[in-house]
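A closer look at the structure
Here's the letter readout for the chains.
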Amino acid sequence: MAGNAGPKRQDTRKFVENLSGAGKCIAVLTSGGDAQGMNAAVRAVVRMGIYVGAKVYFIHEGYQGMVDGGDNIKEATWESVSSMLQVGGTVIGSARCKEFRTHEGRLKAAHNLVQRGITNLCVIGGDGSLTGANLFREEWSGLLNELLEQGLINEEAVSSNSVLHIVGMVGSIDNDFCGTDMTIGTDSALHRIIEVVDAIMTTAQSHQRTFVLEVMGRHCGYLALVSALACGADWVFIPEMPPDDGWEDNMCQKLSENRADKKRLNIIIVAEGAIDSHNKAITPDYIKDLVVRCLGFDTRVTILGHVQRGGTPSAFDRILASRMGVEAVLALLEASTETPACVVSLVGNQAVRLPLMECVQMTQEVQKAMDEKKFDEAVRLRGRSFENNLSTYRLLSYRKLDSELPNSSFNVAVMNVGAPAAGMNAAVRSAVRVGITEGHKMFAVNDGFEGFAKGQIKEIKWGDVGGWTGQGGSLLGTKRTLPAKHLAKIAEQMRIHNINALLVIGGFETCDRIKQSASGTKRRVFIIETMGGYCGYLATVGGLAAGADTVYIYEETFDIRDLQANVEHLTQKMKTSIQRGLVLRNENCNENFTTDFIYQLYSEEGRGVFDCRKNILGHMQQGGAPSPFDRNFGTKVAAKAMQWITRMLKESYKGGKVFTNAEDTACLLGMRRRAMVFQPVAQLREETDFEHRIPKEQWWLKLRPLMKILAKYKTFYDVSDAGQLEHVTRVRPKDFQPSV
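What you are looking at is a predicted structure, and each value in this text was computed from that prediction instead of being measured. (Residues numbered from 1 in each chain as written. Predicted model: local features only at pLDDT ≥ 70, side-chain atom pairs only at ≥ 80, totals over all residues. Heavy atoms only, no water.)

Another aspect to go through is the overall build of the chain. Counting its regular elements, the chain contains 22 helices and 25 strands. Since a compact globule built from 740 residues should have a radius of gyration of about 27 Å, the 28 Å found for the chain is in line with a globular shape. Its C-alpha atoms give the chain principal-axis dimensions of about 85 × 70 × 55 Å. Sorting the 740 residues of the chain into buried and exposed places 53% on the buried side. Put simply, the chain shows about 32,900 Å² of open surface, and 49% of that area lies on carbon and sulfur atoms. Side chains of the chain carry 86 positive and 84 negative charges; the gap between the two charge centres is 4 Å. (Helix = DSSP H or I, 4+ residues; strand = E, 2+ residues; numbered from the N terminus. Rg over C-alpha atoms; globule rule 2.2 N^0.38 Å. Buried < 20%, exposed > 50% of the residue type's maximum accessible area, 1.4 Å probe, protein only. Areas by Shrake-Rupley, 256 points an atom, 1.4 Å probe, with all protein chains shown as cover. Lys, Arg positive; Asp, Glu negative; His and termini not counted. Charge placed at Lys NZ, Arg CZ, Asp CG, Glu CD.)

Let us look at the confidence of the model for the chain. Mean pLDDT over the chain works out to 88, with 93% of the residues at or above the 70 mark. Here residues 1-12 is a poorly scored stretch, pLDDT under 50, and it has one contact once near neighbours within four places are set aside; other chains count. (pLDDT = per-residue confidence, 0-100. Contact = heavy atoms within 4.5 Å.)

Across a sheet, strands are paired by hydrogen bonds formed along the backbone, either parallel or antiparallel in direction. Taken in spatial order, the four strands line up as E14-E13-E12-E15 in an open sheet, and their pairing is mixed. Pairing within the sheet leaves two strands with one partner each, and these edge strands are strand E14 (457-459) and strand E15 (501-506). In this sheet, adjacent strand axes meet at a mean angle of 25° when their direction is disregarded. In the sheet, strand E13 (residues 441-445) pairs with E14 via three bridges, with the strands oriented antiparallel. Its bridge partner being in E14, Phe-443 is matched across the sheet by Glu-459. Here helix H14 (residues 424-437) sits on the sheet and contacts strand E12 (411-417), E13 and E15; the angle it forms with E12, its principal contact strand, is near 175°. Seen against the sheet, helix H21 (residues 628-652) touches E12, E13 and E15 and runs at an angle of roughly 155° to E15. (Pairing = 2+ DSSP bridges. Axes fitted to C-alpha atoms, helices over the stretch in contact; angles between N-to-C directions.)

Taken together, the side chains of Tyr-537, Leu-538 and Trp-699 present a nonpolar region at the surface, about 290 Å² in accessible area. With respect to the secondary-structure elements, Trp-699 resides in the loop between strand E25 (694-695) and helix H22 (704-710). (Patch = residues over 30% accessible without salt bridge, like charges linked within 9 Å, V, L, I, M, F, W, Y side chains within 5 Å. Salt bridge = Lys/Arg side-chain N within 4 Å of Asp/Glu carboxyl O.)

Below, the discussion takes up the domain arrangement of the chain. When the domains of the chain are assigned, the result is domain 1 (16-183 + 313-365), domain 2 (186-309) and domain 3 (524-616). Look at where the C-alpha atoms of domain 1 and domain 3 centre, and you get two points 33 Å apart. Overall, the association of domain 1 and domain 3 removes approximately 760 Å² of surface from exposure, summing both partners, and the carbon and sulfur fraction of that is 59%. On the domain 1 side of the interface with domain 3, the three residues burying the most area are Glu-79, Leu-85 and Ile-319, jointly 47% of the side's total. At the boundary of domain 1 with domain 3, the tally comes to two residue pairs in polar contact (both at pLDDT 80 or more). (Domains from an automatic or database assignment. Buried area = accessible area lost by both parts, 1.4 Å probe. Polar contact = N/O pair within 3.5 Å; in protein donor to acceptor, adjacent residues only side chain to side chain.)

Within the secondary structure, Glu-214 is located in strand E6 (residues 210-215). For the buried Glu-214, no salt bridge is present, and the opposite-charge side chain at shortest range is Arg-218, 8.6 Å distant. Not counting residues up to four positions away in its chain, the partners in contact with Glu-214 are Val-270, Glu-272, Pro-284, Thr-302, Ile-303 and Leu-304.

Taking strand neighbours across the sheet as the criterion, the seven strands line up as E3-E2-E1-E4-E5-E10-E11 in an open arrangement whose pairing is mixed. Two strands lie at the open edges of the sheet, namely strand E3 (73-75) and strand E11 (350-355), each paired on one side alone. Ignoring strand direction, the axes of neighbouring strands in this sheet form an average angle of 25°. As defined by bridge partners, strand E10 (residues 342-347) adjoins E11 across six bridges and the pair is classed as antiparallel. Bridge pairing links Leu-346 to Ala-351 in E11. The sheet strands contacting helix H11 (residues 356-371) are E10 and E11, and the helix crosses E11 at an angle near 85°.

All right, on to the packing of helix H19 (residues 560-574) against helix H20 (residues 595-605) then. Relative orientation of the contacting elements H19 and H20 amounts to 45°, with a least axis distance of 10 Å. By the angle between their directions, the pair H19 and H20 is classed as oblique. The way H19 lies across H20 gives a crossing that is right-handed. Contacts between H19 and H20 involve Ile-560, Leu-563, Gln-564, Asn-566, Val-567, Leu-570 and Thr-571 from the first element and Phe-597, Ile-598, Leu-601, Tyr-602 and Glu-605 from the second. The residue makeup of the contact of H19 with H20, split by class, is eight nonpolar, three polar and one charged. (Parallel < 35°, antiparallel > 145°, perpendicular 65-115°, else oblique. Left-handed = near helix turned anticlockwise from the far one by under 90°. Nonpolar A, V, L, I, M, F, W, Y, C, P; charged D, E, K, R; others polar.)

What follows covers the pattern of salt bridges. For side chains bearing opposite charge, pairing can occur when the charged atoms are close. By the definition in use, this model includes 28 salt bridges. Lys-374 is the salt-bridge partner of Glu-372, the closest N and O atoms lying 3.2 Å from each other. Accessibility expressed as a relative area gives 41% for Glu-372, which makes it partly exposed. In this structure, the salt-bridge partner of Glu-377 is Arg-380, at a minimum N-O distance of 2.4 Å. Note that Glu-377 and Arg-380 are positioned in helix H12 (residues 375-382) at a spacing of three residues, about one turn of the helix. Each of Arg-209, Asp-298 and Arg-300 takes part in one network of salt bridges that share partners.

Attention shifts here to the packing of aromatic side chains. A complete count under the given rule lists 16 aromatic pairs for this structure. Ring geometry for Tyr-63 and Phe-100: centres 4.1 Å apart, planes at 10°, overall stacked. Here Tyr-63, found in helix H2 (residues 62-68), pairs with Phe-100, found in the loop between E3 and helix H3 (103-115); they are 37 residues apart in sequence, far enough to count as distant. For Tyr-63, a relative accessible area of 5% translates into the label buried. Taking 4.8 Å as the distance between ring centres and 40° as the angle between the ring planes, the aromatic pair formed by Tyr-552 and Phe-558 counts as tilted. (Phe/Tyr/Trp six-rings, centres within 6.5 Å; stacked < 30°, edge-to-face > 60°.)

Here is the structure:
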């Protein structure tokens, strides 16, 4: 043990181990429409509740089960949520309940909870379900008094169950709840939509067809908007921003221009609640008839319907729901008699708690604004994320005439470096089109710094990047070559082409199906090796999303004793009803404890209890089409970067030259906690481990204790960032800008 190096600094961190759930009962229910990821939230609530010593109950069939009681309310065990993570829908059921809307129904529900000592409720559902939960909480003391008067409970029961604590998690594929960037199920629904769009685009291109796709979103256009952004749709209709009068002619003109530019297909996306400026519904059939009548294009309609709710949840939804479920239990443990019902939300990459009714009120204000035709107000109330999606779509979809472009004499180049990554092409498309909109002449560099040195650079136009959004890999080409030995030649090429600014997109220069394949067989453990170099992010979040038992990474050292303890822990679990195990290993986590070594160790030590299989995923992790998140994120971040470049060029331009002596003229753009931040590259030197090509501090390491807790390990989980009830921030009208 190390000796004292000086006076001790007071440790102000707060650990979950200091929060006890002993003597408390928590119930979890899902209500309203189902959404992928609900099961991950249920699993997290159950396991975190049991971890802190609380008793946890399932309430089957939503509020109906709470009203009916009986076998609908059952105590949950650790094993009862095993293999639930990757299942879509909600395995504990959801039902609309008219009876709970009545006072008599809520009285029955209160009686059923009091009988089991349940005073902590986790509700996973939409705004209607959460509003019902808040009303139930407000009536709680009155309901208990009624039960006492009727002789159904005694004074002791009233005293020991005097306060009902409510925490909500929003499960809704529409992402229609204000106060959170994403709701559980939205990302998975986007996956379903984009899978269909990508499939349709191939047949549409073959026959030069126009497709009109209707997606869900009766009151919220998020799915339609982000789908349009992610696939580069020609036109999108959403309820929050109806098209101006005369949109029919404008749309047909744009479709016609796209065909004239040799684009062989058109995609139009319509939210099911789309309306015009007079509140008249815009239907897919109306759009189809319009296109056929005015342009004569072969046009087809596809209505996706409930396929958007189906399928397995995406990795994003599993991680989001798991984090929310754990945060919900923490919120219940820390709640006092004065704490209002709260909802767990996502802002940036942070889990936050917000007063439930503040979020509900703002959500209702959106609909009110739309009813009153205050559509700019409705967009503003949806939040900055929705605003940015809308403004970015407009920026990239509507090509200005040359006479309408601002006068700029700047040349801007864009290039990819490092390993290919899904989403690179979406970022390049966005950068090129935003750059052209800003008036710049855009250049594309092929094959990274090596290609730059060889002069593989040419001007790239608006139409050249059409259809790039959904393409995997790097269409510009990318190599891992570092620029150091090519600097003189690169500088010469920059002089030849008069490059004033350079946008570099790149890096530092599928466990589910494997796990499911063991279903129905004898007990089996899979040892999976992931990529990532010395960075354990992929392995860690992949483990959280797939429900891994152990994840080995470089950032968290381990020895043979840890390996032995992990094997013994897994062996004990596999002696129960659990039949599958998953162990992930980052490729460079330890030079001696290789994947083969770990596989042989687990095989030998688990003999007689389970058998092992191993899989090295390799470069398949870099392949395939980009996810909706990668397309959307790449598009928005590149647009933001190009606008920053434009501003810096204007500020640095003096006497016919661009001066870039200040350190803030070379920046890295990325997300830090809740915001996108431009950080000077010079400042990154102190924060970077150059030998292993990773940051010295990794924010996601805070997720590792969460993963261990859900895998039934005792560990320390720092929850210092949690516990503060925040308030919904409202963007003032003067802050609202219609562009990114």
